[in-house]
Every structure is written in structure tokens, then in C-alpha cells.
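# Chains, contacts and geometry: an overview
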There are 2 protein chains.
Amino acid sequence: MTIDTGPLTSLQLQSEMTSGGTLELSLVEAPVPDPGDDELVVRIEAAPVNPTDIGLMFAAADLTTLTANGGKTVATVPPAVLPRFAGRLDRPLAVGSEGAGTVVRAGANAQALLGRRVAIFGPGTYAQYRVTRADACLVLPDGVTAAQGAAALINPLTALGMIETMRLDGHGALIHTAAASNLGQMLNRLCLAEGIPLINIVRSAAQAELLLGQGAVHICNSSDADFVAQLDAAVTATDVRLAFDAIGGEMPGRLLAAMEVAGVRRMADYSHYGSTEPKQVYVYGALDPGPIVTPRAMGMAWSISGWLLFQLVQRAGPDVFKRMRQRVADDLGTIFASSFDTTIGLADAIRPDVIHAYAQRATGRKFLLDPWR
Amino acid sequence: MTIDTGPLTSLQLQSEMTSGGTLELSLVEAPVPDPGDDELVVRIEAAPVNPTDIGLMFAAADLTTLTANGGKTVATVPPAVLPRFAGRLDRPLAVGSEGAGTVVRAGANAQALLGRRVAIFGPGTYAQYRVTRADACLVLPDGVTAAQGAAALINPLTALGMIETMRLDGHGALIHTAAASNLGQMLNRLCLAEGIPLINIVRSAAQAELLLGQGAVHICNSSDADFVAQLDAAVTATDVRLAFDAIGGEMPGRLLAAMEVAGVRRMADYSHYGSTEPKQVYVYGALDPGPIVTPRAMGMAWSISGWLLFQLVQRAGPDVFKRMRQRVADDLGTIFASSFDTTIGLADAIRPDVIHAYAQRATGRKFLLDPWR
């Protein structure tokens, strides 16, 4: 391939919340700096629209007020929530948590990567170019397309991170909610490959069908009238005491209550503190942005915690993280394959009608951004 | 002293929840078994009425329906909650989580304790005698009365257990709610003695006054209109990221939000995941028996967990537990002193009017049970 050696400029998507109570999305053109000795310039070819990106882009803005306004797209932010975002007010943020592209420039210590296709972390992958540390990217195997590599980091490493967390915490099975998501499907394939009992919680018969077709063993549909009974049967069958929840709201409490019921059933003697078996729910998402509401039906041996991939990486250490990344590269075409059904460009990404489509975060409707489209 | 060598019988208080939906308190007389080689028979002289005892005695019974009925005291249990108590239905439970008394019989390996005053764990201390393992009791220093030793275990070890937990978790300061309770006052004295920053959360000006008189440095009154500002100032001053909460309801979320606000203020760069500093709330009580309601204003580095003294003992190991018990014996007259203002007998303890008084769990109104009264 030909490597461009002239000055580069990059169009990039920014999100700014103003102290005046507006949320503004815009495309700005900026010169691309030269890479440092250990850095790369990556020409981004594909970036997924992940829930975390939507969260950063729109924060708590009222999407019913979205309008295109002289090159910017603007929405109103309710005044009451502004203090929560004090740290970002009037500071434009670069959007895009991951992506894939080709290394077009490389620092002195990273020349070997020139011309390779890599997956990189953001922020700032909703752009034509991004400078990144060479040791922070995943070199994609030959033949992997940009679309195939676009989501090679966050979802695959999150699925692997859940399994690492399970092992660090001393558990042997897990529950996952929002199980029909791209991440959920990956986790199901990973658990099947590893022989780890996984309870998949979905919210529709169609999602249950999808996972059943992918070999899922335990599926519970939270929209069914007998969800509690389904969950009880699955929890009892797997002896699970750990869950990863993308939802929040009442879900963590429902999961803890189900695990507690099964735990109490295993007890020889009554204790009014309930089961002594530790039960853990990690909340890694906020599909329900309201309060987490947890009735006291979980005994005393319980924990609900926030969870982020980067917390796990810090806890597990660099060797484990390296092993996780190698595993992604090894199984990118199979366990860690992502699928997208709509590709949009940078200008599309700030169009109100397109935003309304991708901001639904509907399972089965995944968007890919091509910054050169 | 004279040791009685004839057969002993013990009057004891029992609580039974029936599958028919009633809660029954009664006094039953039972023979006292001979002690095994490593066991003692303790003549109980005083036992405190702790919140945990009230919880075991009445569970979810409707106290407005309490009536004395032929030697028993009976209340209705709402049918909806019965399944939660499946493990105790139609099984009488011995009441009383701790107490103090004199060793009147001792097994072959425990003869040295004969005649000593000891503090013991329950269950079953709301009784005239109790058989217990010799190595599970705390031998009280000479001159300590039964009333002074009655609550020498649970509250003092809980206060010490909170400090041990703080250290195991790598924290250096803590928040405590229900801070004017006997336990809270102990914790305040302990933290002052150890130089540990403690934020005392109370719910009235009178309670604030009480703790102020005991040298408390940080006091926040949750009934004040500016509670959030008080809490913010105290959290910022102490850099605290750990709380022990006796309440539940909205309190854990309020504490996490306050710690998150202070954490975000310390950040150099904005992150839409919030502060990276881990924040922990341990919930060890249920003064608010409703759901724990936690708004999403706490970033992603948070954890809310159940906490029990016995979980800490298991986590810290027997050597630490031994050290904790020695510390209680050393400082029983000072840091770990309890106060009681009403003494009742076994028959009183099942009288509806007395129950209504002690079941309020009012701070500053502590009941002591004397089974011989």
C-alpha cells in the first residue's frame, strides 16, 4: 500500500454540553499530529456505535428536542441534571470508544506496524484519523476486514473480563442479562466453549429463540409471567451465585432474591440472616437509567457493585490483559464475531433521524460508523 | 459461691411462626442438659434486647395485632411474607443473641471457668440457663457486673469488626449511620482512641448534641435541610470512601452520591464513568425494611453489600477474632461500655405493652432482660 506522507487533517465528531443547558454534536476538522516514538497514526475505517458511545454523546439530554442547527445538532439538557456533568460542561469531548483501521504513520519504535490493520481504543474513534499508543492496539490477523475488527476490543474483552472476574471471585457459573445483545451472544459462545454454566436472561420470545439457535442451555424470558419460576429452576440447576447485569432498576434485586431462595433451600438449619453463601451482582450497564431498587429479600451475604472492563484489567493485571487480547485475536472470526446491519457516515451520525434510530439501542439493530463514507 | 449440683430446669423464651400465619411468643420450661467436656452451663443474669433479637422474635408479623392469649402472645403474619420464612415455619426458635452470667457447671476440660462471670453468644440467651462451648465465651474481668457484661460481645465486636473491615479493604476513614445508637457511641469512642476519621450520621439535633458531648468530630444530621451540604463538607474533609449503614432505604445511595461528588472533584480529567476511586457501603441493619433505592449518581466504582460480624470473623480469621475479644475485655468499662435504662423479666418480654415499647428500637431507650426477675 501507499503511505501518505503529507500533512493530514481529520474530521471528527465532538459532543459538548454547555453550561447554558444544551448538548451540541458537531464535526470539526483538526490537523493530525505526528506520532511520538511509541505511537501510531491510524486511519479509522470502521467504529461501532456502542451503548457507551451513545451515553457519552447524549448524556442526559432530552432527545425529543433534537434539531439540526447550522452544521450542529442541538438538544436541551434538563437544568436539574447539569451539576452531575460539571466536569464536562463547555468542554468538547471526542466521541468513539473503539474502532479499526490501518496504521498510516508510525513512530521510531513502532515501524513494524506500518500498514497493518489494528483495533484501537478511543476516545475519539469517530474520526478519520487517531493517534494511539502502539502497545494499546490489537494487531488484527491478516484478512480481517475493518468491519470485522471494529468491535474487536470492548465487547470481546468485556466477555472475557466477566469470565476472569468470575474466576477471581471464586465462582463457577454466571447469569447475564440483556443476553441477546452482541456482547451477550459472544458471552454465550464463550461459555459454551469453556463449559461454563450461563443463564441467559432475555426480554422477548424472539431473543430466546435467537439464543436457543446458538446453543444456549439456560434461557429465562423476563417478559414471561413465570419468569421467577424459570429463573428459580435455572439458578437451582447451575448453583449460580454471580450475575452481570446491563439493566439495573429492579433486575439486580430479582437476581439476588432468586439466588437467595436457592441458597436458603440448601441450608440445613434456619438462620434469620438467610443464606451464608456470598451472592454478587455486577451492574455494568444502565438500560434502565432509574434508581436500582433492591427489596430486602436477599439475606445478608450479598453485594451489588458497579463493573467496568477497566476495573477488571486493573485488578487482574497486565499479564492477564495480554492473554485476553491474544484470545480475542485467536477467536475473532468465531466466538468474538460481531454483526452490524446499518453503516453510517460521520455526517449521518449527527442527523436527528439517524440518532433517533441508533439511540434506541435496540437488540438486533447495530450501527457501524465509516468515517470516510 | 455455692454451685448447685441438682437437676436444673430453665425457663426460656421462644418465637414460633406457624404455617397458619401466626407468630407466637411463649415461655417454656426445659431441663438443662449436662455440659460436655468442653462445655459450660451458664446461669444467665442479663441479656440485652438488640435489634437482631427483635428481628428474630417478630420477623414480619403485624405488631398492631399483638394479643396475649392463654400464656402466649400472638400476632398475625401477612400471608404474602410467609414464603420468605419457610425455613422457620412451625419450628420454635430460642431467642436471645447474647448475654452474661455465671458458670455454674463446667465440663472436664473447662473446670477453670467454674464460678466465673462470662459473656456468651446466643441463640437462646433469653433463658435462665444456657449450655455453651467454653472457647466461645468471653471471660469477664473481675468486678464486671452482669449488666455491664450483657452486651459485651455483639456491639463491641461489631464496632471492632468495622475497623478490621476498613483495614482489610484498604480504607482509612468511615461513615456510620444510626450513629447515636449504643453501637454508634462505641464506634465513636473507638475511632477517637484510634485516630480514625469517622463521620457520624444522626437523625435529630438531640442525637447530634449527645455525640458532640462525647467528642465526635464529624456529625451530620439527616433531618436538617442542608444535610447534603453537611455530608459533602465532612466527606471532603475526611476523604472517606467507606460507610457502614444500619438503615437501608435511600441512605446507601445518598452516601455513595456524596462520596462520588467528592471523588469527581478530585479528578483532573472528565470521565463519563465518573470517579475511579472504589466506594463501598456495607449495610448491616434494616431500620428501613423497605427496598434499598439507589439512584445512578455514584459513577461505576461502587459497591453496596450486606455485612455481618460473622462474615468479618470468617474473613479475618481466628487470630484476629481472638485479638478483638481481648480488646473488648481490656476496654469494657470505657470504650465498650453499654447503657440500659429499663430492665424487664421474661414474662414482661412477651407482654404486648412492653413489646410495643422495646420494638420501637428508639435510640436512648435500651432494654435489658433479667431472666430471674
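Residues numbered from 1 in each chain as written. Chains lettered and ligands numbered in written order. Predicted model: local features only at pLDDT ≥ 70, side-chain atom pairs only at ≥ 80, totals over all residues. Heavy atoms only, no water.

- As recorded in an unreviewed UniProt entry, chain A goes by Zinc-binding dehydrogenase and comes from Sphingomonas tagetis.

## Observations concerning the UniProt feature "domain: Enoyl reductase (ER)" (unreviewed entry) in chain A
- As recorded in UniProt, the feature "domain: Enoyl reductase (ER)" (unreviewed entry) lies at residues 21–329 of chain A.
- Along residues 21–329 of chain A, the helical share is 31% and the strand share 28%, with 43 Å between the first and last C-alpha atoms. (UniProt positions renumbered as here; feature names shortened; annotations may be inferred. Helix = DSSP H or I, 4+ residues; strand = E, 2+ residues; numbered from the N terminus.)

## Notes on the interface of chain A and chain B
- Every contact between the two is made by 41 residues of chain A and, on the other side, 41 residues of chain B.
- A buried area of about 3000 Å², summed over both sides, lies between chain A and chain B, and 59% of it is on carbon and sulfur atoms.
- Its largest share of buried area at the contact with chain B, chain A owes to A:Tyr270, A:Arg296 and A:Met300, together 27% of the area lost on that side.
- Inspection of the region where chain A meets chain B yields zero salt bridges.
- Inspection of the chain A/chain B interface yields 18 residue pairs in polar contact (both at pLDDT 80 or more).
- Within the residue set of the side of chain A that touches chain B, elements represented by two or more residues are helix H1 (51–58), strand E16 (292–294) and strand E17 (302–306) of chain A.
- Looking at the side of chain A that touches chain B, the element that brings in the most residues is E17(A), giving five residues. (Contact = heavy atoms within 4.5 Å. Buried area = accessible area lost by both parts, 1.4 Å probe. Salt bridge = Lys/Arg side-chain N within 4 Å of Asp/Glu carboxyl O. Polar contact = N/O pair within 3.5 Å; in protein donor to acceptor, adjacent residues only side chain to side chain.)

## Re helix H3 (residues 154–168) of chain A
Residues and elements named next belong to chain A.
- Here H3 spans 20 Å end to end across 15 residues, near enough to the 21 Å set by a 1.5 Å rise per residue.
- The element H3 is largely enclosed, with a buried count of 13 among its 15 residues.
- Following H3 by one or two positions, Gly 170 has its phi on the positive side, about 80 degrees. (Expected span 1.5 Å × (residues − 1). Buried < 20%, exposed > 50% of the residue type's maximum accessible area, 1.4 Å probe, protein only.)

## Quick word on the packing of H3(A) against helix H8 (residues 309–316) of chain A
All names here are of chain A.
- Two elements in contact, H3 and H8, have axes separated by 9 Å at closest approach and are oriented at 50 degrees. On the basis of their axis angle, the class for H3 and H8 is oblique. Remark: the crossing between H3 and H8 carries left-handed chirality. In contact with Ile 154, Leu 157, Thr 158, Gly 161, Glu 164, Thr 165 and Leu 168 of H3, H8 contributes Leu 309, Leu 312, Arg 315 and Ala 316. (Axes fitted to C-alpha atoms, helices over the stretch in contact; angles between N-to-C directions. Parallel < 35°, antiparallel > 145°, perpendicular 65-115°, else oblique. Left-handed = near helix turned anticlockwise from the far one by under 90°.)

## Regarding the environment of B:Pro92
- By secondary structure assignment, the location of B:Pro92 is in the loop between strand E5 (72–76) and strand E6 (93–94).
- When its relative accessible area of 43% is taken as the criterion, B:Pro92 is described as partly exposed.

## Describing the relation of the copies chain A and chain B
- By a simple turn and slide, chain A fits onto chain B: the slide is 0.0 Å along the axis, the RMSD is 0.0 Å, and the turn is 180 degrees. Such a combination of rotation and displacement between the chain copies is what one expects of a two-fold axis. Of every C-alpha in chain A, the one belonging to A:Val293 sits nearest the axis of rotation, 2.3 Å from it.
- Here 100% of the interface residues in chain A have copies in chain B that are interface residues too; the copies meet face to matching face. (Least-squares fit on C-alpha atoms with pLDDT ≥ 70 in both.)

## Quick word on unusual backbone geometry
- Of the consecutive residues A:Gly122 and A:Pro123, the connecting peptide bond is found in the cis state with omega at 5 degrees.
- Mapping A:Pro123 onto the fold places it in the loop between strand E8 (117–121) and strand E9 (129–133).
- Backbone geometry places A:Ala59, a non-glycine residue, at a positive phi of 45 degrees.
- Assignment of secondary structure puts A:Ala59 in the loop between H1 and strand E4 (62–69).
- Of note, the phi angle at B:Asp90 is positive, near 65 degrees, even though the residue is not glycine.
- Among the structural elements, B:Asp90 can be located in the loop between E5 and E6.
- Residue classification places B:Asp90 among the partly exposed residues on the basis of a relative accessible area of 39%.

## Re the packing of aromatic side chains
Residues and elements named next belong to chain A.
- Under the definition given, this model contains twelve aromatic pairs over all chains.
- Ring centres of Phe 244 and Trp 307 lie 5.3 Å apart, and the angle between their planes is 80 degrees; on these two criteria the pair is classed as edge-to-face. Remark: Trp 307 occurs in the loop between E17 and H8 and Phe 244 occurs in strand E14 (residues 242–245); sequence separation between them is 63 residues. This pair shows no difference in class: Phe 244 is buried, exactly as Trp 307 is. (Phe/Tyr/Trp six-rings, centres within 6.5 Å; stacked < 30°, edge-to-face > 60°.)

## Re the sheet that holds strand E2 (residues 22–31) of chain B
Residue and element names in this part refer to chain B.
- Taken together, five strands build an open sheet; the order of strands is E4-E5-E2-E1-E6 and the sheet is antiparallel. The sheet is open, and its two borders are formed by strand E4 (62–69) and E6, each paired with just one other strand.
- Sheet strands touched by helix H1 (residues 51–58): strand E1 (9–17), E2, E4 and E6. Its angle to E2, the strand with the most contacts, is close to 105 degrees. (Pairing = 2+ DSSP bridges.)

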